[in-house]
Structure formats: C-alpha cells, structure tokens
Amino acid sequence: MALTVRPINPRRNDFVAEATGVDIAAGVSAATAAAIEDAMDRYAVLIFPDQRIDDDQQYAFSTHFGPMETATGDIVQRDERRLSMDINDISNLDKHGNVLARDDRSRLFGLGNMLWHSDSSFKATPAKFSLLSARVIPPDGGNTEFADMRAAWDDLDPKLQAECMGLVCEHSQLYSRGMLGFFEFTDEERAKWAPVPQRLVRRHPRTGRLNLYLASHAGTIRGWPVPEARLFLKDLTEHATQREYTYAHRWRPFDLVMWDNRVVMHRARRYDHTAPRDLHRTTVADCAPTLDQPI
Ligand code: OGA
Ligand code: MN
C-alpha cells in the first residue's frame, strides 16, 4: 500500500493532513520517510490513524527524520519515571499506572502543555518534529490544538513584520510555568532550564517560508524591557492563535500525530483529571540553535 496524504482541515488546505497507507509498526522505507517529510513541508501536521505501535516501533520510525532528543525537559526524577528517557511521558499517570493526585507536582508542571507552545524551544537546539502516539484517551475533552505560524506570519501587518524581523527571544520552562503561578523549582532545575535565545522569525530550510516562532516559554526579548516584551509576545500569540489559523485534533486510541515544531504551536485542552490519559512522545531535534540557522 502506498502513502496517501489528504488535507482534512476545512479552514486551510495547506495545514493538517491525514496520512494512510503506511504500517509504522512494520517499519517504513527511506523513500516512504522522504515522502512523509515532503508532506510535512506542506502540511506541518500529519495524522496517522490506527497505528498500533509500541515505544520501540515509534522510536525507530522517528529516527528517519533526524537526531533524537531525550526527555530532559521532564520534571520527574529518573527513578520515578514510567517510561525510558527516549520517550516523553505525556500522561497523567505515575510509574505504577495510577492517575496522579490533583496537586501532584509533576501533574501541575505538566499543565504547562495546555499553554500554546513549541516543543523544546527552551533547549538551545530546539525540537524539529514531535510524534505523539495515543495509547489511552479520556472519554471526552483532551483534544490537542495546533496553530499555523506560517499563515500567522503571512497575515501579519507589514509594519509588525518589520519590527519582528531580527528580534531574539529568551525561552525557558521557568517562564511558561511562571505564567501559571508555578514557581517551585529547585536550584538544579533553575540551572538546567536557564533561558536560551531563539529567533522570533524563522525561515523553513526546505520551503523557504517565513514564520513566527512563538511559545509560552518565551519570557522576554533581548534588549527590551520585560513588561513590554511580554505584552508584545502576548499580542503576537493572540494574533497567531486566532481560530482561522488553528485545528483541533480529537484523539482516537492509536492515532499517531506528527508536527513540525519549527512552524506550528500546539496545546492540550482540559479533560477530567481523574480519567487516565496516556500519550507517548518521541522528539526529533533540530539541526542547530535558531540563531545559527540562516534567515
Ligand atoms: C506534547 C504536548 C499536548 C497534549 O506532547 O508535546 O504538548 O495534548 N501534548 O497532550
Ligand atoms: Mn508539547
């Protein structure tokens, strides 16, 4: 069976597609992986329905797209982890499979995923692709939403575009969690997640398209007073996450969703916190810090 890619977003025909005709558990050829990357260039988010994969199969598939990240952005201590360091644990479960208490620290930290963000923008070299596999889905709620930062850039007022060009933001998980009133970091965590610089405007290396590079991790702009930077970033985020630029994915078990963090933001939506929700994420690293990438 051959890869078939079909746009599914009624709001835009170049953002979010469904990909069928591949069996990820069985492994894909280099040619199929290349065709998937071509589709990622166009659609930025691909949904692969009904891929009954385990972590090893998910990881093997992910390696076609670049070097892999490890889960160093997680807050859970290594001996408390449920999954290996190669997998980001996007669940509300502890290592015994029990649903976390409402006031559990790692749960509260994980609520940061409900703010618009781009994965690992708080790492010097951020993420390229994320691949998220749904294993257990709550009965309702818990959608994941995506926002197209290319279209948001294209529609931005030219004066604002000129102002954004060349700006450098500082990204940290301390900033995104701070937005939620979560400040209880250890000295070790503060050191590990010291702010890193990222360009505000990026150019996709293959398509040449420009886009905004925003995330709730962005806490200031170099050379700007902090409150002014935060207001500016808030305004840009408000613009970029208007309904016309977004798509809401409603999960079915064994969906695998793959997105390009260089050009989209995403966020999780609320669900009943007593219902298990278990998704596993593999993450492909970008090639370099954004300041080392040409624009
Ligand atoms: C992620 C993430 C959102 C969700 O996996 O990086 O932000 O809906 N997930 O769980
Ligand atoms: Mn994320």
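See the structure printed just above.
Residues numbered from 1 in each chain as written. Chains lettered and ligands numbered in written order. Predicted model: local features only at pLDDT ≥ 70, side-chain atom pairs only at ≥ 80, totals over all residues. Heavy atoms only, no water.

1. What about the coordination of the manganese ion (ligand 2)?
Point 1. Distances from the manganese ion (ligand 2) to its protein donors, His-117 (NE2), Asp-119 (OD) and His-266 (NE2), fall within 2.1 to 2.2 Å.
Point 2. Within one chain, the residues serving as donors to the manganese ion (ligand 2) are arranged as H-x1-D-x146-H.
Point 3. Given the relative accessible area of 3%, His-117 is considered buried.
Point 4. Exposure remark for Asp-119: the relative accessible area of 3% places this residue in the buried category. (Donors = N, O, S within 2.8 Å, 3.2 Å for Na, K, Ca; no water. Buried < 20%, exposed > 50% of the residue type's maximum accessible area, 1.4 Å probe, protein only.)

2. A word on the sheet that holds strand β14 (residues 264–268)
Note: strands within a sheet are paired through backbone hydrogen bonds, in either parallel or antiparallel orientation.
Point 1. Spatially, the three strands line up as an open sheet ordered β12-β6-β14, and their pairing is antiparallel. Across the chains shown, the open sheet's two edge strands, defined by having one partner strand only, are β12 (246–249) and β14. Averaged over neighbouring strand pairs, the angle between their axes works out to 20° when direction is ignored. (Pairing = 2+ DSSP bridges. Helix = DSSP H or I, 4+ residues; strand = E, 2+ residues; numbered from the N terminus. Axes fitted to C-alpha atoms, helices over the stretch in contact; angles between N-to-C directions.)

3. Brief notes about the site of ligand 1
Point 1. Taken together, Ile-90, Asn-113, His-117, Asp-119, Leu-132, Thr-144, Trp-259, His-266, Ala-268, Arg-277 and Arg-281 are the residues near ligand 1.
Point 2. Between an oxygen atom of ligand 1 and a side-chain N or O atom of His-266, the distance comes to 3.0 Å.
Point 3. Within the side chain of Arg-277, one N or O atom sits 2.8 Å away from an oxygen atom of ligand 1.
Point 4. Contact with the protein chains covers 99% of the free accessible surface of ligand 1, which is 290 Å².
Point 5. Using a 2 Å cut-off from the grid points, one finds that ligand 1 occupies the largest pocket. (Near = heavy atom within 4 Å. Polar contact = N/O pair within 3.5 Å; in protein donor to acceptor, adjacent residues only side chain to side chain. Areas by Shrake-Rupley, 256 points an atom, 1.4 Å probe, with all protein chains shown as cover. 1 Å grid on protein atoms, 1.4 Å probe; cavity = no way out; pocket = protein on both sides within 12 Å on 5 of 7 lines; lining within 4 Å. Sits in = over half its atoms within 2 Å of the grid points.)

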